[in-house]
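Commentary on secondary and tertiary structure
If you want the building blocks of each chain, they are given just below.
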Amino acid sequence: MDPNDVYTELDRIRADFRTLLDTATVAELRQPSDGTRWNNEQLLFHMLFGYLLVANLRYLVRMFAQLPDGASRRFAALLNAGTRPFHVINYVGSLGGPRVLGHARMERVMDRVVSNLQASLRRQSAEALSGGMHFPVGWDPYFRDHMTLLEIYHYPTQHYEHHRRQLTLSRTRATCPPDPARRRTGSSTPPEPMPPQQP
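With that out of the way, let us pick up the nonpolar core. If you look at the biggest cluster of nonpolar residues, it comprises 44 residues, and the most contacted ones within it are L44, L48, Y51 and M110. For this core, the secondary-structure elements that each account for two or more residues are α1 (3–23), α3 (40–65), α5 (83–101), α6 (103–123) and α8 (149–164). Among the elements that make up this core, the one with the highest residue count is α3 (eleven residues). Here L48 is in contact with F17, L101, M106, V109, M110 and V113, once residues within four sequence places are set aside.

With their axes 10 Å apart at the nearest point, α3 and α6 run at an angle of 30° to one another. The orientation of α3 relative to α6 falls into the category roughly parallel. Considering only the axes of α3 and α6, their crossing is left-handed. Residues E41, L44, F45, L48, Y51, L52, V54, A55 and R58 of α3 form the contact with α6, whose own contacting residues are H103, M106, V109, M110, V113, V114, N116, L117 and S120. Of the residues contributing to the contact of α3 with α6, the split by class is 13 nonpolar, three polar and two charged.

What follows covers a nonpolar patch on the surface. Nonpolar side chains collect at one region of the surface, where V88, V92 and L95 lie side by side and expose about 200 Å² of accessible area between them. Assignment of secondary structure puts L95 in helix α5. Judged by relative accessible area, L95 falls into the partly exposed class, the value being 31%.

So, on to the pattern of salt bridges. In total, this model carries eight salt bridges according to the counting rule given. As a salt-bridge pair, E161 and R12 come within 2.8 Å of each other at their nearest N and O atoms. Separated by 149 residues along the polypeptide, E161 in helix α8 and R12 in helix α1 bring together distant segments of the chain. Residue classification places E161 among the partly exposed positions, given a relative accessible area of 29%. Of the charged contacts, one joins D69 and R73 as a salt bridge, the two residues approaching to 3.0 Å between their closest N and O atoms. Residue D69 and its partner R73 are located together in helix α4 (residues 69–81), separated by four residues, close to a single helical turn.

Here we take up the side chain of N40. Structurally, the position occupied by N40 is in helix α3. On the basis of relative accessible area, N40 is assigned to the buried category, the value being 0%. Excluding its chain neighbours within four sequence positions, the residues that come into contact with N40 are E28, L29, Q31, P32, S33, Q166, L167, T168 and L169.

Here the focus is α8. Spanning 16 residues, α8 covers 24 Å between terminal C-alpha atoms, matching the ideal 22 Å at 1.5 Å per step. If you look at α8, its biggest bend is around 30°, right at Y155, and the proline P156 turns up within four residues after that. For α8, the buried fraction is high: 14 of the 16 residues fall into the buried class.

Interpretation of this model should avoid reading the predicted coordinates in detail wherever pLDDT is low. Residues of the protein with pLDDT of at least 70 account for 87%, and the chain-wide mean is 89. Predicted confidence is poor over residues 178–199, with pLDDT under 50, and the contacts of this stretch with residues over four places away or in other chains come to 33 contacts.

Procedures and definitions
Residues numbered from 1 in each chain as written. Predicted model: local features only at pLDDT ≥ 70, side-chain atom pairs only at ≥ 80, totals over all residues. Heavy atoms only, no water. Core = buried A, V, L, I, M, F, W, Y, C linked by side-chain atoms within 4.5 Å. Buried < 20%, exposed > 50% of the residue type's maximum accessible area, 1.4 Å probe, protein only. Helix = DSSP H or I, 4+ residues; strand = E, 2+ residues; numbered from the N terminus. Contact = heavy atoms within 4.5 Å. Axes fitted to C-alpha atoms, helices over the stretch in contact; angles between N-to-C directions. Parallel < 35°, antiparallel > 145°, perpendicular 65-115°, else oblique. Left-handed = near helix turned anticlockwise from the far one by under 90°. Nonpolar A, V, L, I, M, F, W, Y, C, P; charged D, E, K, R; others polar. Patch = residues over 30% accessible without salt bridge, like charges linked within 9 Å, V, L, I, M, F, W, Y side chains within 5 Å. Areas by Shrake-Rupley, 256 points an atom, 1.4 Å probe, with all protein chains shown as cover. Salt bridge = Lys/Arg side-chain N within 4 Å of Asp/Glu carboxyl O. Expected span 1.5 Å × (residues − 1). Bend = angle between axes of the 7 residues up to and from the residue. pLDDT = per-residue confidence, 0-100.

Laid out in structure tokens, this is it:
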């Protein structure tokens, strides 16, 4: 993985996010997504949230990269113990997020956070980008036991593209590339863990 590739993919995602919001009808945005309990509007907010998360997470990675390996290993184990509450908060937060921000502000927030991540990425040395920490693997399918800072800059795009395949917008049905997991196994990429359905 090259920092220039990560920088370029951030440009692509920023443009794609704006296009998805600008071209979707109100009815489409209220349609259920495929494989999550969110509708399309809520899932788009969750896709944005991945970038907001990394905007703060990068500082944590840089801090733990300076500490003994055991420090982040213990921290990750502590977070893993709270996996279920995390998923509940993660789910509920995206229910109201779009209504709080609105579509125009969601676009502006995405523009701002992507620009900040790109500027931050450009400032990092090769040594800093190779440093990393342990992660709570139960929190997200794309978290691995140990990830470098460069991999963290790439993570929100993995998360975004995962969920883009679950949108049921007319534009994503027309433009979304085939899911590699579907080609291999006949099933879609597993969705993120969600709270159980209420009786």
